[in-house]
Amino acid sequence: MATRKDVAKLAGVSTATVSYFINDSGYVSQEKRQRIAKAIEELDYQPNLIAKSLKVKDTKQIVFLCNEICNPFHARVAYRATTEAYCRDYMILFCNVIDDEKYIARLCSYQVSGVFIASNRLPLEAIKKMTARRIPVVMLDERLDPEIPEEVSRIIIDYSQIMRDVVRHMLSSGKRELFYLSSNPAGHMGINDGKTSAVVEAAKAEKGCTGLTVERGMVSALDAYHMIMEKYGSRLGKNTGFICTNDDTALGVMRAVNDLGLRIPEDAAVIGTGNTYLSEMSVPRLSTLDIQTDYISQKAIQILADKNCRKEVQNIWIQPRMIRRETS
């Protein structure tokens, strides 16, 4: 493997001049630039990016923290974030959230350029540890929680109005008994679980709703399917509406409803969240909430890049919209 010294020897310059050229940190004449560039190409020289990043205090590595990377919504966010990061010369490291203190401390010990949090399971103390280490953080949030450190930039998905629209839509189609499937673990209210709060408040505000049941810990299609089959089974009544935390969970609901001999949407209506490819490919096609996934992903990376350049950044608010398809 070629070294910087090899490049300098072939180009007939000092190693310091090669460093100036690579880091664009000092004057190098045009004639020497051409010789160095030619030597780099001939030797197929690859600069030590880790050493360079440590020197300039920017590793060009961003950590993406999410609940389940295999979930289609998080997979889409990761895909778009990776593309945006690449365009800005950053790399993405993917991690499922593990709220163990040692894990968080270990993550904070790495010299990363930023953390993108797309999870409602990360404890507040974990976020505070990141900001205490002056790690740039952007968080996909569901409400403007004052407990979050002010150093954290937020992309806030405001579910308050859209959940009122969803509940009214369910009631207008005769669905009086409503279920909300939340990804938050049972017995644990995440710091940014604004989605669940919005559904609960919307159901309380509508007189036609005979009841709202919140089922927690529903992350995947299998979670939703087994919960309905084992907990409700044949007791699941008609005129039921399911509001799901993501499209993956909604597919599990659809399968359970179908296996119980009920019709969609006549007996049970289903609405997901995320507008992933699953919503278009399911049979029947899934009604869902579009939360501008691609825009969120791009803005998250842009914000972190700007924070690393000491630029001023602003929180971003997202207003979801309902896409009505065949399941509602």
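For the structure itself, consult the block above.
Presented here is a report on the structure given in the accompanying data block.

Thresholds, definitions, all that
Residues numbered from 1 in each chain as written. Predicted model: local features only at pLDDT ≥ 70, side-chain atom pairs only at ≥ 80, totals over all residues. Heavy atoms only, no water. Salt bridge = Lys/Arg side-chain N within 4 Å of Asp/Glu carboxyl O. Helix = DSSP H or I, 4+ residues; strand = E, 2+ residues; numbered from the N terminus. Buried < 20%, exposed > 50% of the residue type's maximum accessible area, 1.4 Å probe, protein only. Core = buried A, V, L, I, M, F, W, Y, C linked by side-chain atoms within 4.5 Å. Contact = heavy atoms within 4.5 Å. Phe/Tyr/Trp six-rings, centres within 6.5 Å; stacked < 30°, edge-to-face > 60°. Expected span 1.5 Å × (residues − 1). Pairing = 2+ DSSP bridges. Axes fitted to C-alpha atoms, helices over the stretch in contact; angles between N-to-C directions. Arc of directions from axis to C-beta.

Time to look at the pattern of salt bridges. All chains considered together, the criterion is met by 14 salt bridges. A salt bridge links Asp294 to Arg76; its shortest N-O distance comes to 2.9 Å. Taken together, the residues Asp294 in helix H13 (residues 293-308) and Arg76 in helix H5 (residues 72-87) connect sequence positions 218 residues apart. Here Glu280 makes a salt bridge to Arg285, at a shortest N to O gap of 3.1 Å. Judged by relative accessible area, Glu280 falls into the partly exposed class, the value being 39%. Three or more residues are tied together by salt bridges with common partners; here these are Glu280, Arg285, Arg325 and Glu326.

Next up on the list: the nonpolar core. Counting residues in each nonpolar core, the largest one holds 44 residues, and the members touching the most others are Phe116, Ile155 and Met163. What Phe116 contacts, discounting residues up to four positions off in sequence, is Ile62, Val63, Phe64, Leu65, Val77, Val138, Leu140, Ile296, Ala300 and Leu304. With 21 residues, the next largest nonpolar core counts Tyr232, Ala250, Leu262 and Leu286 among its residues.

Right, let's get into the packing of aromatic side chains. A ring pair, where both rings are aromatic, is described by two values, the distance of the centres and the angle of the planes. Under the definition given, this model contains three aromatic pairs. Taking the centre distance of 5.1 Å and the plane angle of 40° together, the rings of Phe64 and Phe116 count as tilted. Residue Phe64 is located in strand S1 (residues 61-66), and its partner Phe116 is located in strand S3 (residues 114-118); the two are separated by 52 residues in the primary sequence. For the pair Phe179 and Tyr232, a centre-to-centre distance of 5.1 Å together with 85° between the ring planes defines the contact as edge-to-face. Of the two residues, Phe179 sits in strand S6 (residues 177-181) while Tyr232 sits in the loop between helix H10 (221-231) and strand S8 (240-244), which places them 53 residues apart along the sequence. Residue classification places Phe179 among the buried residues on the basis of a relative accessible area of 5%. Its relative accessible area of 15% is what places Tyr232 among the buried residues. What links up through ring pairs into an aromatic cluster is the set Phe179, Tyr232 and Phe242.

Right, let's get into H13. Given 3.6 residues to a turn, an α-helix orients residues that are three or four positions apart in the same direction. The first and last C-alpha atoms of H13 sit 23 Å apart over 16 residues, in line with the 22 Å expected at 1.5 Å per residue. Burial analysis of H13 places 12 of its 16 residues in the buried class, which makes it a mostly covered element. Of all the residues in H13, the buried ones are Thr293, Ile296, Ser297, Lys299, Ala300, Ile301, Ile303, Leu304, Ala305, Asp306, Lys307 and Asn308.

Spatially, six strands are ordered S2-S1-S3-S4-S5-S11 in an open sheet, and the strand pairing comes out parallel. Two strands close off the open sheet at either side, each with one partner strand: strand S2 (91-96) and strand S11 (316-318). Strand-to-strand twist across the sheet, computed as the mean angle between neighbouring axes with direction ignored, equals 15°. When S3 meets strand S4 (residues 137-141), the two strands line up parallel, connected through three bridges. Within S4, the position partnered with Phe116 by the bridge is Val138.

For the rest of this paragraph, the subject is H10. The set of residues buried in H10 consists of Ala224, Tyr225, Met227 and Ile228. For H10, the arc enclosing every buried residue in end-on projection is 165°, short of the 170-degree limit, so these residues lie on one face. Facing away from the buried side of H10 by over 90 degrees, the exposed positions are Leu222 and Glu230. Next to the buried residues of H10 lie S6, strand S7 (211-215), S8 and helix H11 (247-259). With its phi angle positive at about 50°, Gly233 sits one or two positions after the end of H10.

Looking along the chain, the bond that leaves Ile264 and enters Pro265 is cis, with omega of 5°. Within the fold, Pro265 resides in the loop between H11 and strand S9 (268-273). Following Val283, the chain continues to Pro284 via a peptide bond in cis, the omega torsion being -5°. Within the secondary structure, Pro284 sits in the loop between helix H12 (277-281) and strand S10 (287-290). Its identity as a non-glycine residue notwithstanding, Asp44 has a phi of 55°, on the positive side. Within the fold, Asp44 resides in the loop between helix H3 (30-43) and helix H4 (49-56). One non-glycine residue, Asn275, lies in the positive phi region at around 50°. Within the fold, Asn275 resides in the loop between S9 and H12.

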